[in-house]
Amino acid sequence: MESAAKVKLWSDLSTSLVVSGQEVDSASLLTDLQLADSQEISGSGGVGVYSGPGWATLTVDGRHAQSADEQAAELVRIISPRKSALEALKKSGKSMKVDVSGVAESGSGIGISPQVLAGLAELGVPVTFTTVRESGEDEEDPLAWLG
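Residues numbered from 1 in each chain as written. Predicted model: local features only at pLDDT ≥ 70, side-chain atom pairs only at ≥ 80, totals over all residues. Heavy atoms only, no water.

1. What about helix H3 (residues 68-79)?
The following threshold applies: A run of DSSP states H or I qualifies as a helix once it reaches four residues; a run of E qualifies as a strand once it reaches two. Both are numbered from the N-terminal end. In this analysis, the expected span of each helix is defined as 1.5 Å times one less than the number of residues it contains. Partly exposed residues are those whose accessible area sits between 20% and 50% of the maximum for their type, while under 20% is buried and over 50% is exposed, using a 1.4 Å probe and protein chains only.
Helix length check: H3, at 12 residues, gives a terminal C-alpha distance of 16 Å against a target of 16 Å (1.5 Å per residue), a fit within 8%. When we look at burial in H3, the residues that qualify are Ala68, Gln71, Ala72, Glu74, Leu75, Val76, Ile78 and Ile79.

2. Describing helix H4 (residues 83-91)
The condition that has to hold: The arc in question is traced by the directions running from the helix axis to the C-beta atoms. Contacts are residue-level and defined by heavy atoms, with any inter-residue pair within 4.5 Å sufficient.
Of the residues making up H4, those classed as buried are Ala85, Leu86 and Leu89. Seen from one end, H4 has its buried residues packed into an arc of 105°, which puts them on one side. Away from its buried face, by an angle of more than 90 degrees, H4 presents the exposed residues Ser84 and Lys91. Each element contacted by the buried residues of H4 is listed here: strand E2 (11-20), helix H1 (26-32), H3, strand E5 (95-103) and helix H5 (114-123). Once H4 finishes, glycine 93 follows within two positions and takes phi at roughly 95°, a positive value.

3. Section: the packing of H3 against H5
Formally: A fitted line through C-alpha atoms represents every axis, and for helices the fit uses only the stretch in contact; the resulting angles, taken between N-to-C directions, go from 0 to 180 degrees. For classification purposes, angles smaller than 35 degrees are called roughly parallel, those larger than 145 roughly antiparallel, those between 65 and 115 roughly perpendicular, and all remaining angles oblique. Two helices cross in a left-handed way if the nearer one is turned anticlockwise from the farther one by less than a right angle. They cross in a right-handed way if the turn is clockwise. Put simply, Ala, Val, Leu, Ile, Met, Phe, Trp, Tyr, Cys and Pro go in the nonpolar bin, Asp, Glu, Lys and Arg in the charged bin, and everything else, Gly too, in the polar bin.
Put simply, H3 and H5 touch, their axes get as near as 9 Å, and they point 40° apart. Taken together, H3 and H5 sit at an angle that is classed as oblique. You can see that H3 and H5 cross each other, and the crossing is left-handed. Across the interface between the two elements, Asp69, Ala72, Ala73, Val76 and Ile79 from H3 touch Val116, Gly119, Leu120 and Leu123 from H5. When grouped by side-chain class, the residues that make up the contact of H3 with H5 number seven nonpolar, one polar and one charged.

4. Let's talk about the environment of isoleucine 112
Among the secondary structure elements, isoleucine 112 is positioned in the loop between strand E6 (108-109) and H5. Considering only alpha carbons, one finds isoleucine 112 and serine 67, 45 residues apart in sequence, at a separation of 8.5 Å. Apart from the residues within four sequence positions on either side, isoleucine 112 is in contact with Ala68, Asp69, Val100, Leu117 and Phe129.

5. Focus: unusual backbone geometry
Even without glycine at this site, glutamate 23 takes up a positive phi of about 60°. Residue glutamate 23 is classed as exposed on the basis of its relative accessible area of 74%. Although it is not a glycine, glutamine 34 adopts a positive phi angle of roughly 55°. Judged by its relative accessible area of 54%, glutamine 34 is exposed.

6. Quick look at the side chain of aspartate 61
Selection rule: Here a polar contact means two N or O atoms within 3.5 Å. Within protein one must be a hydrogen donor candidate and the other an acceptor candidate, and residues neighboring in sequence count only if both atoms are side-chain atoms.
Inspection of the secondary structure assignment puts aspartate 61 in strand E4 (residues 55-61). One polar contact links aspartate 61 to arginine 63, side chain to side chain, over a distance of 2.8 Å. Among residues more than four places away in sequence, those in contact with aspartate 61 are Leu13, Ser14, Gly46, Tyr50 and Gln71.

7. Some details on the nonpolar core
Note the cut-off: In this text, buried Ala, Val, Leu, Ile, Met, Phe, Trp, Tyr and Cys residues form a nonpolar core when linked through side-chain atoms within 4.5 Å.
The biggest cluster of nonpolar side chains holds 32 residues, and the ones touching the most others in it are Leu17, Leu33, Leu58 and Leu123. Secondary-structure elements contributing two or more residues to this core are E2, strand E3 (47-52), E4, H3, H4, E5 and H5. When residues in this core are grouped by element, the largest group, six residues, is from H3. Among all residues touching leucine 33, those that are not within four sequence positions of it are Leu17, Leu58, Arg82, Ala85, Leu86 and Leu89.

8. Things to note about the sheet that holds E4
Operational definition: The criterion for strand pairing is that DSSP finds at least two bridges linking the strands in question.
Strand order across the open sheet formed by five strands is E3-E4-E2-E5-E7, with mixed pairing between neighbours. The open sheet terminates on both sides in strands that have one partner only, identified here as E3 and strand E7 (127-132). Ignoring strand direction, the axes of neighbouring strands in this sheet form an average angle of 25°. Of the strand pairs in this sheet, E2 and E5 are connected by eight bridges, and their pairing is antiparallel. Across the sheet, the residue bridging to threonine 15 is valine 100, located in E5. Running over the sheet, H3 touches E2, E3, E4 and E5 and is turned about 30° from E2.

These results come straight from atomic positions and should not be treated as a statement about function.
Set out below in structure tokens:
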């Protein structure tokens, strides 16, 4: 097995709480998570809220922390005290997940510590990983592993 120190890390990382559903936008997410007047968002570079039609994210990006572990830990730190707000969003029919995304080339990886994974698990939302390649092209047939 290859040493973790020799693995090339994903680039352009971000870690987000993604909320989707009707009438979801940045303002409603800030209000629902009781972050509207919080210094955790406005006072921290690399932590922000973004939205599009029917979705909003609370995102920690590379301006705040370079590693997936640090980004996820910061997201857990912000959201954990607001677990009841997450439950209320679920009950209102919103779907949620934590998504770790970045540019991943062949042989690259990320690491998330057991402590941070436990914190993510306590949030009670799925965790997903989304990758893109810098070139935008697949290296191989995505079903090659079946053969």
